[in-house]
Amino acid sequence: MLEIKNIEVYYGYVKALKDISLRVEEGQIVSLLGSNGAGKTTTLKTISGLLKPKSGSILFHEKIITHLDSSAIVRMGIVQCPEGRQLFPDLSVKENLLVGAITRKNRKQINDDLNQVYGLFPILRDRKNQLAGTLSGGEQQMLAIGRALMAGPKLLMLDEPSLGLAPKIVEQIFELLVNLNKEKGLTILLVEQNANAALRISDYAYILEVGTLTLEGDAKDLLKSELVQQKYLGA
Amino acid sequence: MVTFLQQIILGLREGSLFSLVALGLVLIYKTSGVVNFAYGNMGMFAAYIAYTVFAIAGLPLWLAVLTAIVFGFFLGAATERGLLRPIRHLSHSAMLILTLGLLMILEGLALEIWKQDYKPFPSLIHGRPIFIKFPQGRIILTRQDLLIFGIAAVIMLALFLYFKFTRVGLSVRATAQNETAARLMGIRVGTVFAFSWGVGTALSALAAIMAAPRTQINPNMMLDLQIQGLTAAVLGGFESLPGTVVGGLLLGIIEQFVARYLSEELKMAFALLIILILLLIKPEGLLGRRSAERV
Ligand SMILES: Nc1ncnc2c1ncn2[C@@H]1O[C@H](COP(=O)(O)OP(=O)(O)O)[C@@H](O)[C@H]1O
Ligand SMILES: [Mg+2]
């Protein structure tokens with residue numbers, strides 16, 4: 001579904017991604033793991049079109065999307081739930097969700113999806129007229145995911161959705177991701193530092209270290225691998 | 001007490017024009033992050049267009065006004081798209097300097113095309129002035145004064161409703177709050193920038209036309225209003241549209257009192273001083289909140 005071929009990404013003269021290639025197959029949950037500063041966010045930003053690679057290409061359903069701008073990429077169904085949530089703090093919860101659907105025209109479908117998101121996160125329905133900035137961390141993460149779902153993603157990319165949240169809420173969110181994947185067939189690219197939790201729900205995973213992919217494999221195998229255990233799972 | 005009330009009414013009369021000017025400045029700043037120093041002169045240029053259509057081409061006044069406002073919209077949108085967008089990635093100050101350059105270019109261009117002499121421009125409506133009688137005297141409000149007040153009120157309400165309840169309005173507000181997130185949701189932020197520059201500059205054109213009967217059309221006609229609009233925006237916290245409107249009205253009243261009780265000539269200077277002191281005490285503006293959202 002998504003294929004990244006040998007991309008190199010720079011911030012000014014500093015190379016942040018070196019020759020990265022990865023694939024996400026339709027219907028999978030794929031994790032991109034690595035410690036702080038490894039280049040995970042840079043990778044997602046590049047897929048979303050916020051950063052342009054100096055070389056290499058990105059394909060979605062076999063079509064090259066490297067040159068497209070972010071709005072065109074969202075319209076193709078690649079939607080990102082960004083690091084740090086990046087909500088619109090002075091818009092209401094409902095308005096945040098509607099911004100998620102800004103690329104879509106069909107009002108009835110938007111309304112149906114709004115109700116679905118409220119179904120997934122009943123707390124958002126209760127708070128729909130509250131400003132997003134007044135929500136708790138967990139609620140904000142739910143809103144960020146709900147907003148991304150409102151765009152009607154085919155591929156949902158999440159950048160550290162567990163960051164700064166209580167374990168119980170993290171569990172809840174990961175469970176939701178599994179359900180979206182199993183029941184709706186939503187393809188997910190999950191960026192995490194919390195490797196253990198991410199590997200447990202993933203089909204496949206890549207490990208990034210200072211801008212280079214150092215390891216990849218089936219999530220189950222990586223979970224068992226001693227090297228991964230030592231380096232990333234704190235065992 | 002009654003003269004006090006009189007001063008307030010006169011202050012509101014001036015203030016509604018300040019509000020109109022400030023609204024466009026704030027709209028442009030909130031969405032694109034640029035304080036547009038050329039803002040007043042862009043309106044000035046549009047006023048010359050109105051003059052050309054009306055006095056030189058001899059077309060009806062309403063058509064001249066409409067042409068100038070539409071011209072203002074496209075001038076604003078084209079400035080953003082053609083001049084500012086290409087240097088957005090450079091730095092914030094690069095964009096500020098560009099608007100300063102544009103301010104001077106427009107002034108020179110207007111002189112070149114329309115020459116030195118001031119051009120008269122008619123009021124949009126005529127008719128007997130309105131007298132409001134008080135025991136100690138009366139205030140005279142021209143129909144144009146009332147029109148400015150009415151148009152300002154209608155425009156502000158329309159803008160408010162538009163931004164609150166339409167998809168485009170939602171896109172503009174989202175972009176103003178978090179440009180990156182807006183991009184990630186698929187908003188074409190470039191279009192949003194151009195649009196808000198267009199609407200903002202159209203407001204400047206409208207304000208210039210409203211002011212024209214008093215100032216006459218000349219290259220410096222918007223100099224004071226640009227400063228007053230900026231001051232009103234700062235007073236309102238450079239934040240929300242309603243706050244900006246209140247900032248403009250408040251500035252009108254402050255200036256009126258300074259003119260009445262201190263000095264007519266120094267009213268702008270004194271008003272600025274008062275605002276400076278206010279800002280020292282409350283840096284986020286009288287009505288603003290502390291936030292570091294934009295720039
Ligand atoms: N806007 C930026 N400008 C310059 N360097 C950056 C910028 N953003 C990230 N970097 C650098 O790029 C590298 C990768 O960062 P990032 O993709 O955010 O890592 P991660 O998401 O894995 O923590 C880091 O060394 C970081 O310092
Ligand atoms: Mg990151």
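Keep in mind that this is a model prediction, so the values were computed, not measured.

**Concerning the interface of chain B and chain A**
Listed as interface residues are 20 residues of chain B and, on the opposing side, 26 residues of chain A. Carbon and sulfur atoms supply 60% of the area buried between chain B and chain A, which totals about 2000 Å² over both sides. Contact with chain A buries surface across chain B, with Arg167(B), Leu184(B) and Met185(B) losing the most and accounting together for 38% of the total. Inspection of the region where chain B meets chain A yields one salt bridge. Between Glu95(A) and Arg173(B) there is a salt bridge; the shortest N-O distance is 2.9 Å. Linking chain B to chain A there are six residue pairs in polar contact (both at pLDDT 80 or more). Elements supplying a minimum of two residues to the side of chain B that touches chain A: helix H6 (167–177) and helix H7 (179–184) of chain B. Split by residue class, the side of chain B that touches chain A holds seven nonpolar, five polar and eight charged.

**Focus on helix H11 (residues 267–281) of chain B**
Every α-helical turn comprises 3.6 residues, leaving residues that sit three or four positions apart pointing alike. The first and last C-alpha atoms of H11(B) sit 21 Å apart over 15 residues, in line with the 21 Å expected at 1.5 Å per residue. The secondary structure elements touched by the buried residues of H11(B) are helix H9 (223–235) and helix H10 (241–261) of chain B.

**Here's the deal with the site of ligand 1**
Residue and element names in this part refer to chain A. With respect to spatial proximity, the complete set of residues near ligand 1 consists of Tyr 11, Ala 16, Ser 35, Asn 36, Gly 37, Ala 38, Gly 39, Lys 40, Thr 41 and Thr 42. Within the side chain of Asn 36, an N or O atom sits 3.2 Å from an oxygen atom of ligand 1. Ala 38 is positioned with one of its backbone polar atoms (N or O) 3.2 Å from an oxygen atom of ligand 1. Relative to its unbound accessible surface of 560 Å², ligand 1 loses 56% to contact with the protein. When residues of the shell around ligand 1 are assigned to their parent elements, the largest contribution, three residues, is made by helix H1 (residues 40–48). Among the residues forming the shell around ligand 1, the class breakdown is three nonpolar, six polar and one charged.

**Quick notes on the coordination of the magnesium ion (ligand 2)**
Residues and elements named next belong to chain A. Around the magnesium ion (ligand 2), the protein supplies Thr 41 (OG1) and Glu 83 (OE) as donor atoms, at distances of 1.9 to 2.4 Å. A residue pair is termed long-range when its members are at least 10 positions apart, and Thr 41 in helix H1 and Glu 83 in the loop between strand S6 (78–81) and helix H3 (93–100) qualify at 42 residues. On the accessibility criterion, Glu 83 (29% relative accessible area) is partly exposed.

**Some points on the domain arrangement of chain A**
All names here are of chain A. Domain annotation for chain A reports domain 1 (25–51 + 68–77 + 153–235) and domain 2 (89–152). Computed over C-alpha atoms, the centres of domain 1 and domain 2 are 22 Å apart. Each side of the interface is counted separately: domain 1 has 15 residues, and domain 2 has 13 residues. Of the roughly 1200 Å² buried between domain 1 and domain 2, counting both surfaces, carbon and sulfur atoms make up 77%. Of all residues in domain 1, Arg 75, Pro 153 and Leu 176 give up the largest surface area on contact with domain 2, accounting jointly for 36% of the area buried on that side. At the junction of domain 1 with domain 2, the criterion picks out zero salt bridges. Across the domain 1-domain 2 interface, the total number found is zero residue pairs in polar contact (both at pLDDT 80 or more). Counting residues per element, the ones that place at least two in the side of domain 1 that touches domain 2 are helix H2 (70–76), strand S7 (155–159) and helix H7 (167–184). If you tally residues by element for the side of domain 1 that touches domain 2, the top one is H7, at six residues. Considering only residue class, the side of domain 1 that touches domain 2 consists of 11 nonpolar, one polar and three charged.

**Here's the deal with the packing of helix H2 (residues 39–56) of chain B against helix H8 (residues 189–215) of chain B**
Helix-helix packing is characterised by the crossing angle of the two axes and by the distance between the axes. Residue and element names in this part refer to chain B. Two elements in contact, H2 and H8, have axes whose closest approach is 7 Å; the angle formed by their N-to-C orientations is 60°. Put simply, H2 runs oblique to H8. Like other packed secondary-structure pairs, H2 and H8 cross with a definite hand, here right-handed. From H2, Tyr 39, Gly 40, Met 42, Gly 43, Met 44, Ala 46, Ala 47 and Ala 50 reach across to H8, where they touch Trp 197, Gly 200, Thr 201, Leu 203, Ser 204, Ala 205, Ala 208 and Ile 209.

**Looking at the sheet that holds S7(A)**
All names here are of chain A. Strand order in this open sheet of six strands is S6-S7-S8-S3-S9-S10, and the pairing throughout is mixed. Only two strands of the sheet have a single neighbouring strand rather than two, namely S6 and strand S10 (212–218). Put simply, the sheet's adjacent strands are angled 15° from each other on average, direction ignored. Of the strand pairs in this sheet, strand S9 (residues 204–209) and S10 are connected by six bridges, and their pairing is antiparallel. Paired with Tyr 204 across the two strands is Asp 218, which belongs to S10. Packing of H1 onto the sheet brings it into contact with strand S3 (29–33), S6, S7, strand S8 (187–192) and S9, and relative to S7 it is tilted by some 150°. Against the sheet, H7 engages S3, S7 and S8, with an angle of about 155° to S8.

Definitions and cut-offs
Residues numbered from 1 in each chain as written. Chains lettered and ligands numbered in written order. Predicted model: local features only at pLDDT ≥ 70, side-chain atom pairs only at ≥ 80, totals over all residues. Heavy atoms only, no water. Contact = heavy atoms within 4.5 Å. Buried area = accessible area lost by both parts, 1.4 Å probe. Salt bridge = Lys/Arg side-chain N within 4 Å of Asp/Glu carboxyl O. Polar contact = N/O pair within 3.5 Å; in protein donor to acceptor, adjacent residues only side chain to side chain. Helix = DSSP H or I, 4+ residues; strand = E, 2+ residues; numbered from the N terminus. Nonpolar A, V, L, I, M, F, W, Y, C, P; charged D, E, K, R; others polar. Expected span 1.5 Å × (residues − 1). Near = heavy atom within 4 Å. Areas by Shrake-Rupley, 256 points an atom, 1.4 Å probe, with all protein chains shown as cover. Donors = N, O, S within 2.8 Å, 3.2 Å for Na, K, Ca; no water. Buried < 20%, exposed > 50% of the residue type's maximum accessible area, 1.4 Å probe, protein only. Domains from an automatic or database assignment. Axes fitted to C-alpha atoms, helices over the stretch in contact; angles between N-to-C directions. Parallel < 35°, antiparallel > 145°, perpendicular 65-115°, else oblique. Left-handed = near helix turned anticlockwise from the far one by under 90°. Pairing = 2+ DSSP bridges.

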